Amino acid sequence: MDAAHLRPGADARIEACFRFAYPGFTLEVELDLPGRGVTALFGPSGSGKTSLLRALAGLDRHREGYVRVNGALWQDDVRFVPPHRRAIGYVFQESNLFAHLDVAGNLRFGWRRIPPSERRIAFEEAVELLGLAPLLTRLPARLSGGERQRVAIARALLTSPRLLLLDEPLASLDRERKAEILPYLAQVKRTLDIPMLYVSHAPEEVGRLADHLVLLEGGRVRASGPLQETLARLDLPLACDEDAAVVIEGAVVDHDATYALLTVEFEGGTLLVPHRQEPPGTKIRLQVRARDVSLALTEHADSSLLNRLPAVVQEVRALDAAHALVRLQVGPTPLLARITRRSAEALGVRPGTRLWAQIKAVAVLS
Ligand SMILES: Nc1ncnc2c1ncn2[C@@H]1O[C@H](COP(=O)(O)OP(=O)(O)OP(=O)(O)O)[C@@H](O)[C@H]1O
């Protein structure tokens, strides 16, 4: 079986439009999202993320709605495809596995629902992708939380979905378990190319997996755009967070074994990152937090900081009485710096200022 059958075309889109109200809450959204890759759905509690996923899946039927996923029309004014005919995989915060079935039985449940001619993922492929081979005969009660979620993801994949909806799939897990599962999700993304809508509050998950970001607020779309651009928008609450960070995509060009440093080239410059060896050409995602970036008008070659990048200021915004947020551009790549207002004034930081961004820490996300 060839997973390439799952690949949506180049012009693939997910289009959705909903308007509905619950007492005290109205959801009014219009979305036009890439039909490939991972779209992260961000937003405060009660902003409508789960309601939107349920509406997309057809689990809640709303009169005013439109859903079209990579050419398949699931809902408009006259048509409503019921949820079990939508080819959607849904993974919830708590995996709702059947307690009386072992892992293999749970996986077969999803798989058997799909007529053989419509199956596009082999049983063994899902087992291998999620590393489930040693667990097939275990009952859910004897699995860790992380293992249960891996089974839930594999079960969803075995329904050969056109769209995978993940509603905070890692939220109930501790840090270590989360870190264990993320590589599996990244592998699913790389191998199967099924579009995913991923609800998460965790910058680490979003930074690692997402290509596109939607920010919901009070039942409305506050922002929707490519991940790197959207994370660096000063008018959004994401950039104002204490842990605000940008994501930089690059490729490994070199490894210095003496100091265990990778050289990563991105559009606009290079960064040195402490990391294990990776073959040249490996694509890599880096995360740089706004508070780990300081600014200088001249290059401080006598500093202990390895990473100094020439940058141009695009925008400056006061965060509070003491701090300012600066959006910089390193070539075409956006970067954020959180500095004191006093420093911003002393350096004369304003749009167009050319300076050096000094980066204290870079995290490797993948
Ligand atoms: N079936 C329902 N009937 C009435 N109100 C509902 C229903 N489902 C959701 N709501 C309300 O709609 C609003 C949005 O809820 P929703 O669960 O979609 O938000 P969310 O962004 O997913 O929140 P969280 O991050 O806490 O999961 C809330 O005010 C919730 O109480």
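Look a little higher up for the structure.
Residues numbered from 1 in each chain as written. Predicted model: local features only at pLDDT ≥ 70, side-chain atom pairs only at ≥ 80, totals over all residues. Heavy atoms only, no water.

Participant: Any chance you could explain the site of the ligand here in plain terms?
Facilitator: Lining the immediate surroundings of the ligand are Tyr-22, Phe-25, Pro-44, Ser-45, Gly-46, Ser-47, Gly-48, Lys-49, Thr-50, Ser-51, Glu-168 and His-201. With respect to the ligand, the side chain of Ser-45 contributes an N or O atom lying 2.6 Å from an oxygen atom. At a separation of 3.1 Å, an oxygen atom of the ligand approaches a polar backbone atom of Ser-47. When isolated, the ligand has an accessible area of 640 Å², and the protein chains bury 58% of it. If one sorts the elements of the shell around the ligand by residue count, helix H1 (residues 49–57) sits on top with three residues. (Near = heavy atom within 4 Å. Polar contact = N/O pair within 3.5 Å; in protein donor to acceptor, adjacent residues only side chain to side chain. Areas by Shrake-Rupley, 256 points an atom, 1.4 Å probe, with all protein chains shown as cover. Helix = DSSP H or I, 4+ residues; strand = E, 2+ residues; numbered from the N terminus.)

Participant: Sorry, what's going on with the nonpolar core here?
Facilitator: If you look at soluble globular proteins, the nonpolar side chains tend to sit buried side by side. With 48 residues, the main nonpolar core has Leu-107, Leu-130, Leu-132, Leu-157, Leu-185 and Leu-213 as its most contacted residues. Each residue touching Leu-157, except ones within four places of it in the same chain, is listed here: Ile-121, Leu-130, Leu-164, Val-188, Leu-192 and Ile-194. Counting residues in hydrophobic clusters, the runner-up holds 36 residues, among them Ile-284, Ala-311, Val-330 and Leu-336. (Core = buried A, V, L, I, M, F, W, Y, C linked by side-chain atoms within 4.5 Å. Buried < 20%, exposed > 50% of the residue type's maximum accessible area, 1.4 Å probe, protein only. Contact = heavy atoms within 4.5 Å.)

Participant: Is there a simple way to think about the pattern of salt bridges in this case?
Facilitator: Pairing is possible between side chains that carry opposite charge, provided their charged atoms lie close to one another. Counting across every chain of the model gives 19 salt bridges. For Glu-28, the salt bridge identified is with Arg-220, shortest N-O distance 3.1 Å. Of this pair, Glu-28 sits in strand S2 (residues 25–34) while Arg-220 sits in strand S10 (residues 220–226); the two residues are 192 residues apart in sequence, bridging distant segments of the chain. A relative accessible area of 30% means that Glu-28 is categorised as partly exposed. With a relative accessible area of 49%, Arg-220 lands in the partly exposed category. By sharing partners, the salt bridges in this structure join Arg-19, Glu-28, Glu-64 and Arg-220 into a single network. (Salt bridge = Lys/Arg side-chain N within 4 Å of Asp/Glu carboxyl O.)

By themselves these figures say nothing about function.
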